[in-house]
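This is what each chain is made of:
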Amino acid sequence: MRTRARRFGASLLLLLLAGCGTEASADTPPAPPPVAPDIPAAAAGGVCQLLDYVLIERIVGVKFDIAAAQKVDKTYTCAVQSMGAPRPDLVLSVTVTQADAEVFKEELIPEGGAAVSGLGKAAYRQIRGAGGSAGPGVEVGWLTADARLIVLRYTSAPGDPKSAADALAPKLIALAKEINQTSV
């Protein structure tokens, strides 16, 4: 009987000590939130090598910190976003084409697109309205001297006014001109 009492007492003592450890850990500060690593967009590979977060922020005025590249058939795409937010985003697509400037102007400029001068062989810009889970956006497309069709598309967060997309268009064109100088 005494052996059982000692075992019970020892078990009770261990249980109490374990409880003390729990109270002590309550004073331990919580772990800090995760921090996005400082990795350049180019690290995602593909056409992300044409994008630079600092350049985007300087020209467009929006800070992005994550990038992903993908290739489907002959189209290479890079999307950049801010960690933890689906919008705004910036998407760059590059496709090899046989189209010349005349075909580009007649066939590839979307309805509502306006011609842009000083960018590639031919270029357009288009303001897009909001829809679904996306706010309004701006698209700039151009034909490069080395036969590539490049489209740069910025989509804002839902609830952003269309006037913000209108104001962003010249900035996106300026970014497109920078990308055009470094295109592959």
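Here, the structure is the one placed above.
Looking now at the side chain of Ser-82. Checked against the element boundaries, Ser-82 lands in strand β2 (residues 75–82). We classify Ser-82 as buried; its relative accessible area is 17%. From its side chain, Ser-82 meets the backbone oxygen of Lys-63 in a polar contact 2.7 Å long. When neighbours within four sequence positions are excluded, Ser-82 is seen to be in contact with Lys-63, Phe-64, Asp-65, Ile-66 and Pro-88.

The next thing to look at is the packing of helix α2 (residues 53–60) against helix α4 (residues 162–182). Two elements in contact, α2 and α4, have axes whose closest approach is 9 Å; the angle formed by their N-to-C orientations is 145°. Both α2 and α4 take part in a crossing whose hand is right-handed. Between α2 and α4, the residues in contact are Leu-55, Ile-56, Ile-59 and Val-60 and Leu-168, Lys-171, Leu-172, Ala-174, Leu-175 and Glu-178, respectively. Partitioned by chemical class, the residues of the contact of α2 with α4 number eight nonpolar, no polar and two charged.

Assignment of secondary structure puts Ala-176 in helix α4. Spatially, the C-alpha atoms of Ala-176 and Val-140 are 7.3 Å apart, while their sequence positions differ by 36 residues. In this structure Ala-176 touches Leu-119, Val-140, Trp-142 and Leu-152, once residues within four positions along its chain are discounted.

Under the 1.5 Å per step criterion, the end-to-end length of α4 is 30 Å for 21 residues, consistent within 8% with the ideal 30 Å. At Leu-168, α4 is deflected by roughly 35°, the largest bend along its length, and proline Pro-170 occurs up to four residues later in sequence. Of the positions making up α4, those classed as buried are Ala-165, Leu-168, Ala-169, Leu-172, Ile-173, Leu-175, Ala-176 and Ile-179. On its buried side, α4 packs onto α2, β3 (85–96), β5 (122–128), β6 (137–143) and β7 (148–155).

Reading the values: rules and limits
Residues numbered from 1 in each chain as written. Predicted model: local features only at pLDDT ≥ 70, side-chain atom pairs only at ≥ 80, totals over all residues. Heavy atoms only, no water. Helix = DSSP H or I, 4+ residues; strand = E, 2+ residues; numbered from the N terminus. Buried < 20%, exposed > 50% of the residue type's maximum accessible area, 1.4 Å probe, protein only. Polar contact = N/O pair within 3.5 Å; in protein donor to acceptor, adjacent residues only side chain to side chain. Contact = heavy atoms within 4.5 Å. Axes fitted to C-alpha atoms, helices over the stretch in contact; angles between N-to-C directions. Left-handed = near helix turned anticlockwise from the far one by under 90°. Nonpolar A, V, L, I, M, F, W, Y, C, P; charged D, E, K, R; others polar. Expected span 1.5 Å × (residues − 1). Bend = angle between axes of the 7 residues up to and from the residue.

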